[in-house]
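Each chain is listed here by its residues.
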Amino acid sequence: MSSLSRARVARRIAAGAAYGGGGIGLVGAATIGVVLAEVQLAKRHVGNGHSHPPRADGLYGHAYAGLDETPLRLAMLGDSTAAGQGVHRARQTPGALLASGLAAVAERPVELTNVALPGAQSDDLDRQVALALADTGRVPDICVIMVGANDVTHRMPPTRSVRHLSSAVRRLRTAGAEVVVGTCPDLGTVEQVQQPLRWLARRASRQLAAAQTIGTVEQGGRTVSLGDLLGPEFEANPRELFGPDNYHPSAEGYATAAMAVLPTVCAALGLWPAEEERPDVSRREGFLPVARAAAEAASEPGTEVTAAMPTGPRGPWALLKRRRRRRLPATDPASTPAPSS
């Protein structure tokens, strides 16, 4: 599907989400049902890995705790990807990796709270947002949401999926939190899904990812394409970047995803170098109608989309950024979580 076609579909899904439509887009329910069967077959192997993700909540960046710096508060929401299912140690989860990286960039301690639930679909975000905002005196500074894969495999209409995500972003933004959404990963790279269903899974995933971007940006959040979470790098090196269950990422895979998300998290908090906030024409960055930016981002892993200017004749506009990936700061004793009290 071309970028323009994907943009039209994404716009239609997002409009349906906003106005109560229930269509499923170009990939119909019957097709998704077949993809569901294939992916669920693949997921039967999940029990061979670690069924419960390690708990990573706590304080990161202890080296900065003595500088009278108030900790930044980071909350993770979403599904098993956000929870870190498939790895052995807390420090290997994406939340811990992001908290450690954010602490190093900000030179401030970071308090991590993870309310993500393995197996969650977007309709669980309402409950998760309530948990993240339960303490009104400790609203998160930044929330990272990773969700969407289970919506595809469980045949949730994308309009409904985007409606739940948009509502979550709106509630978090209204409460004062910055929001970064890692959009639906590319299910076409799950090893057990065979052709011709693989390209259908990829198509459905990218449709949802683009529509998620429109819904998120319209509510004041930012998105990062997580096609690379199960995308080209994973496809090229599945034994290294997938975990023992061949479905969830390995520690190296989560580190790859965290490196893609960290620059956007830092930028949302005003911590990224100012010169990198300007569009770089040589990297094909710039201002586009939000649906067009969403479609391009869905096709290129690690691409950020954020609101850029008021609505014009062609609808809302957004800034598309292809941020350079940087290695996460090395984890040291100061970056491990404090014991739970």
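The structure contained in this document is the topic of the report that follows. (Residues numbered from 1 in each chain as written. Predicted model: local features only at pLDDT ≥ 70, side-chain atom pairs only at ≥ 80, totals over all residues. Heavy atoms only, no water.)

1. Digging into the pairing of strand β3 (residues 110-114)
- Burial along β3 is one-sided: the residues V110, L112 and N114 are buried and none of E111 and T113 is.
- Taken together, the three bridges between strand β1 (residues 58-60) and β3 define a ladder with antiparallel strand orientation. The residue of β3 that forms the bridge with G58 is L112.
- Two strands pair when backbone bridges link them, and strand β2 (residues 72-78) and β3 are joined in this way by five bridges, in the parallel orientation. Residue pairing across strands places L74 opposite L112, the latter belonging to β3. (Buried < 20%, exposed > 50% of the residue type's maximum accessible area, 1.4 Å probe, protein only. Helix = DSSP H or I, 4+ residues; strand = E, 2+ residues; numbered from the N terminus. Pairing = 2+ DSSP bridges.)

2. So, the environment of L187
- Examined against the element boundaries, L187 turns out to sit in the loop between β5 (178-182) and α8 (197-218).
- Taking the relative accessible area as the measure of exposure, L187 reaches 0% and is therefore buried.
- In the structure, L187 is positioned 14 residues away from A201 in sequence and 5.5 Å away in space, judged by C-alpha atoms.

3. Observations regarding helix α7 (residues 158-175)
- With 18 residues, α7 should cover 26 Å at 1.5 Å per step; its first-to-last C-alpha distance of 26 Å lies within 8% of that length.
- If you check which residues of α7 are buried, you get P158, T159, S161, V162, L165, S166, A168, V169 and L172.
- G176 occupies a position one or two residues after α7 and carries a positive phi of about 110°. (Expected span 1.5 Å × (residues − 1).)

4. So, the nonpolar core
- Formed by 35 residues in total, the largest nonpolar core has its most connected members in L74, L98, L102, V144 and V261.
- The element contributing the most residues to this core is helix α11 (residues 251-268), with nine residues.
- Beyond its immediate chain neighbours, meaning those up to four positions away, L102 contacts L72, E107, V110, I142, L262, V265, C266, L269 and L271.
- In this structure, C184, A210, L288 and A291 belong to the second largest nonpolar core, which totals 23 residues. (Core = buried A, V, L, I, M, F, W, Y, C linked by side-chain atoms within 4.5 Å. Contact = heavy atoms within 4.5 Å.)

5. Here we look at the side chain of D151
- Inspection of the secondary structure assignment puts D151 in helix α6 (residues 149-153).
- Although D151 lies buried, it forms no salt bridge, and the closest oppositely charged side chain, R160, sits 8.4 Å away as judged by the N-O distance.
- Each residue touching D151, except ones within four places of it in the same chain, is listed here: Q121, S122, M156, S161 and L208. (Lys, Arg positive; Asp, Glu negative; His and termini not counted. Salt bridge = Lys/Arg side-chain N within 4 Å of Asp/Glu carboxyl O.)

6. So, the packing of helix α5 (residues 125-132) against α7
- Packing of α5 against α7 brings their axes to within 9 Å, and their N-to-C directions diverge by 15°. Considering the angle they form, α5 stands roughly parallel to α7. Handedness of the crossing formed by α5 with α7: right-handed. Contacts from L125, D126, V129 and A130 in α5 reach H164, L165, A168, R171 and L172 in α7.
- Along the lines of polarity and charge, the residues of the contact of α5 with α7 split into six nonpolar, one polar and two charged. (Axes fitted to C-alpha atoms, helices over the stretch in contact; angles between N-to-C directions. Parallel < 35°, antiparallel > 145°, perpendicular 65-115°, else oblique. Left-handed = near helix turned anticlockwise from the far one by under 90°. Nonpolar A, V, L, I, M, F, W, Y, C, P; charged D, E, K, R; others polar.)

7. Overview of helix α4 (residues 94-106)
- The end-to-end C-alpha distance of α4, which contains 13 residues, comes to 18 Å, matching closely the 18 Å that a straight helix rising 1.5 Å per residue would cover.
- Within α4, 11 of the 13 residues are buried, leaving the element largely enclosed by the surrounding structure.
- Looking only at α4, the buried set comprises P94, G95, A96, L97, L98, A99, S100, G101, L102, A103 and A106.
- On its buried side, α4 packs onto β1, β2, α3 (80-83), β3, β4 (142-146) and α11.
- Once α4 ends, the next one or two residues include E107, with phi positive near 55°.

8. Let's talk about the pattern of salt bridges
- Under the defined criterion, the tally for this structure stands at 14 salt bridges.
- One salt bridge connects D135 with R138, and the closest N-O pair in it is separated by 3.9 Å.
- The exposure class of D135 is partly exposed, given its relative accessible area of 40%.
- For R138, a relative accessible area of 36% puts it in the partly exposed group.
- A salt bridge links R284 to E300, with the shortest nitrogen-to-oxygen separation between them at 3.4 Å. Of this pair, R284 sits in the loop between α11 and β7 (286-289) while E300 sits in the loop between α12 (290-299) and β8 (304-312), placing them 16 residues apart in sequence.
- The exposure class assigned to R284 is exposed, which follows from its relative accessible area of 52%.
- Its relative accessible area of 24% is what places E300 among the partly exposed residues.
- Connected via shared salt-bridge partners are R284, R292, E296, E300 and R322.

9. Notes on the environment of L72
- Mapped onto the elements, L72 comes out in strand β2.
- Among the residues examined, L72 registers a relative accessible area of 7% and is labelled buried.
- Leaving out residues up to four positions away in the same chain, L72 has contacts with L102, A106, R108, P109, V110, E111, D141, L269 and L271.

10. Points about the side chain of S161
- Among the structural elements, S161 can be located in helix α7.
- Look at S161 and you get buried, because its relative accessible area is 0%.
- Side-chain polar atoms of S161 contact the side chain of D151, separated by 2.4 Å.
- Ignoring sequence-local partners within four residues, the contact set of S161 consists of S122, D151, M156 and L208. (Polar contact = N/O pair within 3.5 Å; in protein donor to acceptor, adjacent residues only side chain to side chain.)

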